[in-house]
Amino acid sequence: MTRIGFLRLFFVAGFILAVEALCRTGAISPRVLIAPSDMAVRLAWLLASGKANADIAETLGNVAIALVLSVSGGFAIGAAIHAFPRLRRAIDPFLASYYALPFFAFYPLFIVLFGLGRGAIIAIGFLFGVVAMIIATLNGFDRIPPVLVRTAAIYHMGPAAAALRIKLPSAIPYLFTGVKLAIAYSFIGVIAAEFIMASSGLGYSISYAFNNFDNGTMYALMLFVIVLVTVVNALFYSYERRLMRRWGR
Amino acid sequence: MKRTFDIVLLLTGGLVAWELLHLAVPFALTSPAGTAAKAWSMLTSAQFWPHAAETGKAFVYALLLAILGGLAIGLGLGLNRTGAEVAEPILVSIYSLPKVTLYPLILLIFGLGLPAKIAFGTIHGIIPIAIFAMNAVRNLANVHFKTARVLRLSRRQTLLTVVIPGALPEIVSGLRIGFSLTLLGVLIGEMFASQRGLGFLIMNAIGLHDVPTIMATILLLAVVAVSASAILLWLDHRLHHRVA
């Protein structure tokens, strides 16, 4: 392992051990935070008992659908906006301030449009992720060398063919940034929506445990979400690296 | 000039789409005119302002803490090559965590009320500001630091006259994202377990199925957020062009 990797491990492990020590000595009350080892034990128990499986499957399914929709939709919308420079210049400031809006407030509208249940939650996850992907697509398309665009014109490619066969591969590093953000945002959107107003799913289970002073279950599920998101990010990061190396970038 | 015209055109298109959606599902969505009228009556009513002040107060404190903390972390790590390399993946994975999951922890530490909202807004805003500041300092040309050494500037002088001005454009980009996320954090904090503020107003209206109030509150928030963001965007462009 490199020195940097070792230092990183050292700091993360040191932080967890410090929290563990503070909890064990009673400096942090168990009513505020339970020891990390207890969280892991509770989580193992929860997973073995199968009590949380339905909620986990539901949340992961929602995130996956929201992610696929926001990545493909964001790429298509971004490519379309990029084709009209005037529209693009006008829409830029709105895209840039998009994330300041509280989408959760649109939940009642989504219930009417998509019915009670998963549809409305997926819609919020999609709305959260799609704009990160649109912005990344626009950034990537801005940096395509003009010679490639002219090549597409010489081969008489239509707009869709040029977007898929020339622009998509050329802009891929920027698109990866967009996908990474879309992963993070669809998790945030789905879990936050479940947290505030669903009646099932991981977010709901955490807030239910909170309301019932069930710190063991609450921290076990929080640990599960944190580990899951970190592992998904790390896997995608190493996949991106391998791909970039193979393409010699 | 042409761009202003295009923006007006886009806004008009958005309003028409909104009106059409209202005609399609009238009970789920108030019309643009109805929303504006409701927003105006809220602005002139006495009940609205204490909620707005509560949210404003939480937001200002959270943003100040996020800026100060984010700059301290970002500049500190940026000046230390090893520190930055060790911290970057950690910061990025904290950035992508769904922070709502951490809200119960914050409520248990701070209790219900203003401090919890401030803390929750701060953890949303602090990470992007830190990441942008750190990368800005790392990417500063080495010749700047050499010049500072040649001129025998003290650490404080180097920081104030070389590092911060050099990294300013990127710091403003980070501030723009930090601003949006801090507002989002404060509002989510108010929507869950709170008795005051605009987020509570929205949650309460959702419970009562009071669609005009929901829409009017979102409209007012959107106007504030988009204007603030537009000002920061303008500043961002200006600073980037001045350097380039």
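Structure: above.
Residues numbered from 1 in each chain as written. Chains lettered and ligands numbered in written order. Predicted model: local features only at pLDDT ≥ 70, side-chain atom pairs only at ≥ 80, totals over all residues. Heavy atoms only, no water.

The number of helices and strands found in chain B is 10 helices and zero strands. Projecting the C-alpha coordinates of chain B onto the three principal axes gives extents of approximately 70 × 55 × 30 Å. Across the 244 residues that make up chain B, the buried fraction comes to 48%. Pairs at least 24 residues apart make up 74% of the contacts formed inside chain B by residues separated by at least 6 positions. Summed over its atoms, the accessible surface of chain B is roughly 12,100 Å², and 71% of this surface lies on carbon and sulfur atoms. Across chain B, the centroid of the 17 positively charged side chains sits 14 Å from that of the 9 negatively charged ones. (Helix = DSSP H or I, 4+ residues; strand = E, 2+ residues; numbered from the N terminus. Buried < 20%, exposed > 50% of the residue type's maximum accessible area, 1.4 Å probe, protein only. Contact = heavy atoms within 4.5 Å. Areas by Shrake-Rupley, 256 points an atom, 1.4 Å probe, with all protein chains shown as cover. Lys, Arg positive; Asp, Glu negative; His and termini not counted. Charge placed at Lys NZ, Arg CZ, Asp CG, Glu CD.)

On to empty space enclosed by the protein, then. What the rule picks out here adds up to two cavities of 30 Å³ or more. Quantified by volume, the largest cavity comes out at close to 130 Å³. Lining the largest cavity are 15 residues; nearest its centre among them are Tyr185 and Ile188 of chain A together with Tyr95, Lys99 and Leu181 of chain B. Residue assignment for the lining of the largest cavity shows that the elements contributing at least two residues are α9 (172–197) of chain A together with α8 (155–191) of chain B. (1 Å grid on protein atoms, 1.4 Å probe; cavity = no way out; pocket = protein on both sides within 12 Å on 5 of 7 lines; lining within 4 Å. Points joined across faces, edges and corners; volume = space filled by probe spheres on them.)

Between chain A and chain B, the residue contacts involve 51 residues of the former and 48 residues of the latter. A buried area of about 4,700 Å², summed over both sides, lies between chain A and chain B, and 82% of it is on carbon and sulfur atoms. The largest contributions to the chain A side of the interface with chain B come from Arg86, Phe195 and Phe210 of chain A, which together make up 12% of the buried area. In this structure, the connection of chain A to chain B is made through one salt bridge. Notably, a salt bridge pairs aspartate 6 of chain B with arginine 86 of chain A, separated by 2.6 Å at the nearest N-O pair. (Buried area = accessible area lost by both parts, 1.4 Å probe. Salt bridge = Lys/Arg side-chain N within 4 Å of Asp/Glu carboxyl O.)

Quick look at the side chain of threonine 137 of chain A now. Mapped onto the secondary structure, threonine 137 of chain A falls in helix α6 (residues 118–142). Dropping the residues within four chain positions of it, threonine 137 of chain A is found in contact with Gly74, Phe75, Gly78, Ala79 and Leu175 of chain A.

This part is about unusual backbone geometry. With phi around 55°, histidine 156 of chain A is a residue other than glycine that occupies positive phi space. Tracing the backbone through its elements, the reader meets histidine 156 of chain A in the loop between α7 (146–154) and α8 (159–170). Its identity as a non-glycine residue notwithstanding, histidine 209 of chain B has a phi of 50°, on the positive side. Structurally, the position occupied by histidine 209 of chain B is in the loop between α9 (198–208) and α10 (211–243).

Size it by volume and the second largest pocket reaches roughly 1,500 Å³. Lining the second largest pocket are 34 residues, and of these Phe94, Leu101 and Phe106 of chain A together with Gly14 and Trp18 of chain B sit closest to its centre. Put simply, the parts of the chain that give the lining of the second largest pocket at least two residues each are α3 (53–82), α4 (85–96), α5 (107–114) and α6 of chain A together with α1 (2–24) and α10 of chain B. Among the elements that make up the lining of the second largest pocket, the one with the highest residue count is α1 of chain B (eight residues). For the lining of the second largest pocket, the class distribution of residues is 32 nonpolar, two polar and no charged. (Nonpolar A, V, L, I, M, F, W, Y, C, P; charged D, E, K, R; others polar.)

This part is about the pattern of salt bridges. Residue and element names in this part refer to chain A. In total, this model carries 11 salt bridges over all chains according to the counting rule given. As a salt-bridge pair, glutamate 20 and arginine 24 come within 3.0 Å of each other at their nearest N and O atoms. Placement of both glutamate 20 and arginine 24 in helix α1 (residues 3–24) is noted, with a separation of four residues, approximately one turn of the helix. Its relative accessible area of 16% is what places glutamate 20 among the buried residues.

A word on the environment of leucine 95 of chain A. By the element assignment, leucine 95 of chain A lies in helix α4. Linking leucine 95 of chain A and isoleucine 134 of chain A, residues 39 residues apart in sequence, is a C-alpha distance of 8.6 Å.

Moving on, we get to a nonpolar patch on the surface. Residues Phe6, Phe10 and Phe11 of chain A make up a contiguous nonpolar surface patch of about 370 Å² in total accessible area. In this structure, phenylalanine 10 of chain A sits in helix α1. (Patch = residues over 30% accessible without salt bridge, like charges linked within 9 Å, V, L, I, M, F, W, Y side chains within 5 Å.)

Bear in mind that shape data such as this cannot, by itself, settle questions of function.
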